[in-house]
Amino acid sequence: MQTVDLQEMGLRGVNAALHAQSDDTNQTAWTIENAKGAHAIACGLDAPIEVTVKGSTGYYCAGMNQQATVNIHGSAGPGTGENIMSGKIVIEGDASQYLGATGHGGMIVVKGNASSRCGISMKGVNIVVQGNIGHMSAFMGQSGNLVVCGDAGDALGDSCYEARFFVRGSVKSLGADCVKKEMREEHLTLLQGLLDEAGIDADPKDFTRYGSARNLYNFDVDNAAAY
Amino acid sequence: MKTHDAKGIPHTSPRQSATFTQDINSDIRRAAATGIYDIRGGGAKRKVPSFDDLLFMGASISRYPLEGYREKCETNVTIGGLNASNPIELDIPVTIAGMSFGALSGPAKEALGRGASMAGTSTTTGDGGMTPEERGHSDKLVYQYLPSRYGMNPNDLRKADAIEIVVGQGAKPGGGGMLLGQKISDRVAHMRNLPKGIDQRSACRHPDWTGPDDLEIKILELREITGWKVPIYVKVAGARPYYDVTLAVKAGADAVVLDGMQGGTAATQDVFIEHVGQPTLAIIRPAVQALQDLGMHRKVQLILSGGIRSGADVAKAMALGADAVAIGTAALIALGDNDPKWEAEYNALGTTAGAYDDWHEGQDPAGITTQDSELMKRFDPIEGGRRLRNYLKVMTLEAQTIARACGKNHLHNLEPEDLVALTMEAAAMAKVPLCGTDWYPGKPGTGY
Amino acid sequence: MCGIVGLFLKDKSLEPELGNMLTSMLITMTDRGPDSAGIAIYGNETKGSSKMTVQSDAPELEFAGLESALSDALGGKVSMEVISTHAVLSIPAGSFEKARAALSEIRPNVRVMSRGDTLEIYKEVGLPKDVAEQFNVTSMTGTHGIGHTRMATESAITTMGAHPFNTGDDQCLVHNGSLSNHNSLRRKLRREGIHIETENDTEVGAAYLTWKMREGATLGEALESSLNDLDGFFTFLVGTKDGFGVVRDPIACKPAVMAETDQYVAFGSEYRALVNLPGIEEARVWEPEPATVYFWSHNVAPNSAEKAA
């Protein structure tokens, strides 16, 4: 176990040490202490390591993550896990806006609530939120899955493409072209798998699926107001 | 046409309206038929004050010109030395602007890389990510970081020689993008994580930051991911250049790319292209003023784009304070776009060589702005690369010719005081005297 | 474009620490706003008199003899405490309009920063650290306070362009974002007789609230209607004699983090601003919802879910 103090080592020092890890590193477990809301902690990782950040983080923690597992023992700031490619991010507290924005792969788990624009423009990432999510979540979501065990805010899935949304609680409002969809067997299986991977105990049958009505895929003058 | 009525009274001759021109009427008919605005590429086509309205004075007795071919006139430029450990070193101050794979074919991107590399300059990716063709053939490749983040991945980010955060484009300040369904081929769809054949929309704002205070943090993240090695450019449209350049610099940019309204291979609404943004000539002085006020002129480089066509344009941009320029449309024409040899096919598309601007529709007879495999075969990337190299060399020679005539041993020693303006408009915008006077509109102390 | 901090104390024992805590929060937000900084502090109240904080670029010259000149003009007792370029004038209660008129006669270059029973505003061009030091903010005591660091977007970097903006007796406003209809709104408000000093968009936001309240709206109602009438992006933090309120535009892009414990309610543009507060690890931390007015007041039991009156 490698333990580093962010305040002592500085952001550059900590990130450089993490970036120096390769696929066959044997320094596979790292703890970052004294995060104190700093930005860009553990961003751009690309090695099969596990990093635990003690305290709350600022913007873009674990941004563009590949392979690594990043645990945040606190709340996470805006844009956490943006453009994640693979690996896993687990946030013990709440997540701020833009969680997992444009994420291409991997998984993000939030034990608390996620704020607005959760999964905005998601491109393949799986996001599982134990609490609620804020407004404009999954705006223009392209692919991947957003699972919400609590409630969703306004305009869920506005202008979405092929991303899927599973919500257990209420949805304040659906965005343009986002509709309620049938939960088929394949979706129950998929959802069970996502909940298992996230380590969250919930019954897939309690969730409702939402996704694109695909009415905005090719321009139609009668839909012009939705653009 | 009858000139008299049955009683022999003469008709007045038919008079076309200056307001409802044939062009305007055709726009109205098209809108009425389709219910959607016209989308096209090609940048602003209306006549705006431009570099053509400026002239260099040259040297004679009061100043001494340099001898061409013997006395050197340097053209190199370093971009991004402020924070990056590996700044970009270019032999010539003419770079290739960002144009997306998707808009352009793979071979066209390859040709841009080949031509630019032979000429000692950089190319730029575009919306849709980095292709192996482009990376492989570009010595210096700038990776665009766009609001859509299509094809965005950290592996490519780390392969880039510089990162350009695109906030705006001259063709559409404040607007997003649109790539129509017919151009979304399997490969484009895969790179953009989209279903094939749908209209693809690009956002107008970045998904995970808004404003200069957040941009500063975004720049920090990108530097951390790339180990502070490569320069970070910020590209803005020529909308509010003084403020936007100021804020880009305050947010930590190493270079600012400023794109005027004539710029734009990007497809967007015609109304946007023609009615939003400012001419390239008008935006450079406020941008340079911003850099000077911050004490950052020549430390943070200014790259000007939007309708740059010749060595004269390059020299004028540099005299007004730019460090380099970027070309898009001109590069496509050098590759062979809009060539009259395809006139019959342009006619079949309802247009003519020189006026073809529906690059987003993927039917380019020249095989450059298309994903159609048959059309793509018409374009040879090696030949295209050579043509671009030649054109870049000519632009450089032209700029050097002018600089030598003004007695400069480096292009960046050109100054606004080397210029005069042919028109009042150009004099006001460029803040250089009207020909034959020592005055320009708004000159301090002149009471105007 | 900026950084905002705010601190509302529930625990009276923290009051001597208010300036100290706010200063630390403010300095953390330097990256978000290195151009100018300001602080609004709600301190002690003296029966029968109100405060007017004023500023001068030539304090030695212009503050000299100001209290007696103003006493003569107002026909009542005026006392003055000079802190660097600012001075806090204690004037007879209810005499503010008269005092401002007199001031513009006798010291036309002295600018009014704030007015109210408990509010004092200090703001200058420069880094937050330097501005806080200039006014010795760390030593200030009070019940609640608001701070701001500014990265100017379109209007000039001047003292008067710095936040907070005073909007009426004991009211002030700070802003992160950019308003897009402030020019036409400024013209309208000026026609309505509202005094607007600068070309700054935030001052228009502040003046808008002043106007609404002049027309009879409560602060809560004024904030609610701002959601319709102000176009653009904003997170506002508004101070009053009794507490402070928060509102974000319906798009809510500009960041805002709140924290609440038994001892305080705190606001920061980023969580970083809050990390040194006592007990922050155990605090309830959340982000205010878009287009929702939040208010905390000393007059009623503090409750984060409560809407403004």
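Numbers given to residues run from 1 along each chain, matching the order in which its sequence is written. The naming scheme follows written order: chains are lettered A onward, ligands numbered 1 onward. Under the rules for a predicted model, residues below a pLDDT of 70 receive no local features and side-chain atom pairs below 80 are neither given nor counted, while totals for whole chains, interfaces and linings still include all residues.

### So, the overall build of chain A
- Under the DSSP-based scheme used, a helix requires at least four consecutive residues in state H or I and a strand at least two consecutive residues in state E, with every element numbered from the N terminus. Summing up its helical and strand segments, chain A has two helices and 11 strands in all.
- Traced from its N-terminal end to its C-terminal end, chain A shows the element sequence β-α-β-β-β-β-β-β-β-β-β-α-β.
- Throughout, the radius of gyration refers to the C-alpha atoms, and the reference size of a globule is 2.2 Å times the residue count to the power 0.38. Here chain A has a C-alpha radius of gyration of 18 Å; the compact-globule value for 227 residues is 17 Å, and the two agree.
- Projected onto its principal axes, the C-alpha positions of chain A cover 60 × 35 × 30 Å.
- Put simply, a residue is buried when 20 or more other C-beta atoms lie within 10 Å of its own C-beta and exposed when 12 or fewer do; between those, it is partly exposed, and each C-beta is set from the backbone. Counting all 227 residues of chain A, 58% fall into the buried class.
- C-beta atoms are first placed from the backbone for all residues, and any pair lying within 7 Å is then listed as a contact. Considering only contacts in chain A between residues 6 or more positions apart, those separated by 24 or more positions represent 25%.

### Brief notes about the packing of helix α10 (residues 311–319) of chain B against helix α14 (residues 381–405) of chain B
Residues and elements named next belong to chain B.
- Lines fitted to C-alpha atoms define the axes here, with helix axes fitted over just the stretch in contact, and angles between the N-to-C directions of these axes take values from 0 to 180 degrees. Packing of α10 against α14 leaves a shortest axis separation of 7 Å and a crossing angle of 55°. Classified by the angle between their axes, α10 and α14 sit oblique to one another. Classified by chirality, the crossing of α14 by α10 is right-handed. Contacts between α10 and α14 involve Gly-311, Ala-312, Val-314 and Ala-315 from the first element and Val-394, Met-395, Thr-396, Leu-397, Glu-398, Ala-399, Thr-401, Ile-402 and Ala-403 from the second.
- Class assignment for the residues of the contact of α10 with α14 results in nine nonpolar, three polar and one charged. Roughly parallel means an angle under 35 degrees; roughly antiparallel means over 145; roughly perpendicular covers 65 to 115; every other angle is labelled oblique. Should the near helix be turned anticlockwise from the far one by less than a right angle, the crossing is left-handed, and should it be turned clockwise, the crossing is right-handed. Here the nonpolar group is Ala, Val, Leu, Ile, Met, Phe, Trp, Tyr, Cys and Pro; Asp, Glu, Lys and Arg are the charged ones; every other residue, Gly included, is treated as polar.

### Here's the deal with the sheet that holds strand β5 (residues 94–96) of chain B
Residue and element names in this part refer to chain B.
- The sheet built from eight strands is open, its strands ordered β5-β15-β14-β12-β11-β8-β7-β6 with parallel pairing. Whereas interior strands pair on both sides, the edge strands pair on one side only; in this sheet they are β5 and β6 (122–124). On average, each strand axis in the sheet is inclined to that of its neighbour by 30°, with strand direction left out of account.
- Note: β6 against strand β7 (residues 140–145), three bridges, orientation parallel. Its bridge partner lying in β7, Thr-124 is registered against Val-142.
- Docked against the sheet, helix α2 (residues 106–119) engages β5 and β6, running at close to 155° with respect to β6.
- This element, helix α9 (residues 280–293), spans β12 (255–259) and β14 (301–305) of the sheet and lies at about 170° to β14. In this scheme, strands are said to pair when DSSP sees at least two bridges between them.

### Some thoughts on the nonpolar core
- Counting 196 residues, the largest nonpolar core has Ala-42 of chain A together with Tyr-233, Val-256 and Val-325 of chain B as the members making the most contacts within it.
- Other than its neighbours up to four places away in sequence, Tyr-233 of chain B contacts Val-142, Ala-162, Ile-163, Glu-164, Ile-165, Ala-253, Asp-254, Ala-255, Val-256 and Val-257 of chain B.
- Any nonpolar core is a set of buried residues, restricted to Ala, Val, Leu, Ile, Met, Phe, Trp, Tyr and Cys, that join up through C-beta atoms within 7 Å. Grouped together as the second largest cluster of nonpolar side chains are 87 residues, Leu-9, Ala-87, Phe-267 and Tyr-294 of chain C included.

### Describing the interface of chain B and chain A
- The interface is formed by 22 residues belonging to chain B together with 37 residues belonging to chain A.
- Taken together, the residues that form the side of chain B that touches chain A break down as 12 nonpolar, five polar and five charged.

### Brief notes about the packing of helix α7 (residues 241–250) of chain B against α9 of chain B
All names here are of chain B.
- At a minimum axis separation of 8 Å, α7 and α9 run at an interaxial angle of 40°. For the element pair α7 and α9, the recorded crossing hand is right-handed. When α7 is examined against α9, the residues Pro-241, Tyr-242, Val-245, Thr-246 and Val-249 are found in contact with a partner set consisting of Ile-283, Pro-286, Ala-287, Gln-289, Ala-290 and Leu-291.
- Of the residues in the contact of α7 with α9, the class split is nine nonpolar, two polar and no charged.

### Focus: unusual backbone geometry
- Each neighbour pair has its own omega, and for His-163 of chain C with Pro-164 of chain C the value is -5°, a cis peptide bond.
- Looking at the element boundaries, Pro-164 of chain C is found in the loop between β8 (144–150) and β9 (165–168).
- Positive phi values are uncommon outside glycine, yet Ser-159 of chain A reaches one of about 55°.
- For Ser-159 of chain A, the location among the structural elements is in the loop between β8 (143–148) and β9 (164–167).
- Of note, Trp-228 of chain B is a non-glycine position whose phi angle comes to about 60°, a positive value.
- Along the polypeptide, Trp-228 of chain B turns up in the loop between α6 (212–225) and β11 (232–237).
- By the C-beta count within 10 Å, which is 17 here, Trp-228 of chain B ends up partly exposed.

### Some words on the UniProt feature "domain: Glutamate synthase" (unreviewed entry) in chain B
- UniProt positions are given in the numbering used here, feature names are shortened, and annotations may be inferred rather than shown by experiment. In this structure's numbering, the residues bearing the UniProt feature "domain: Glutamate synthase" (unreviewed entry) are residues 83–336 and 360–408 of chain B.
- Between the C-alpha atoms that bound residues 360–408 of chain B the distance is 42 Å, and the span itself is 59% helix and 0% strand.

### Some remarks on the pairing of strand β5 (residues 88–91) of chain A
Residue and element names in this part refer to chain A.
- Of the two faces of β5, both are covered, the one formed by Lys-88 and Val-90 as well as the one formed by Ile-89 and Ile-91.
- Note: strand β4 (residues 69–73) against β5, four bridges, orientation parallel. Bridge pairing links Val-70 to Ile-89 in β5.
- The sheet contact formed by β5 and strand β6 (residues 107–110) spans four bridges and is parallel. The residue bridging Val-90 from the neighbouring strand is Val-109, located in β6.

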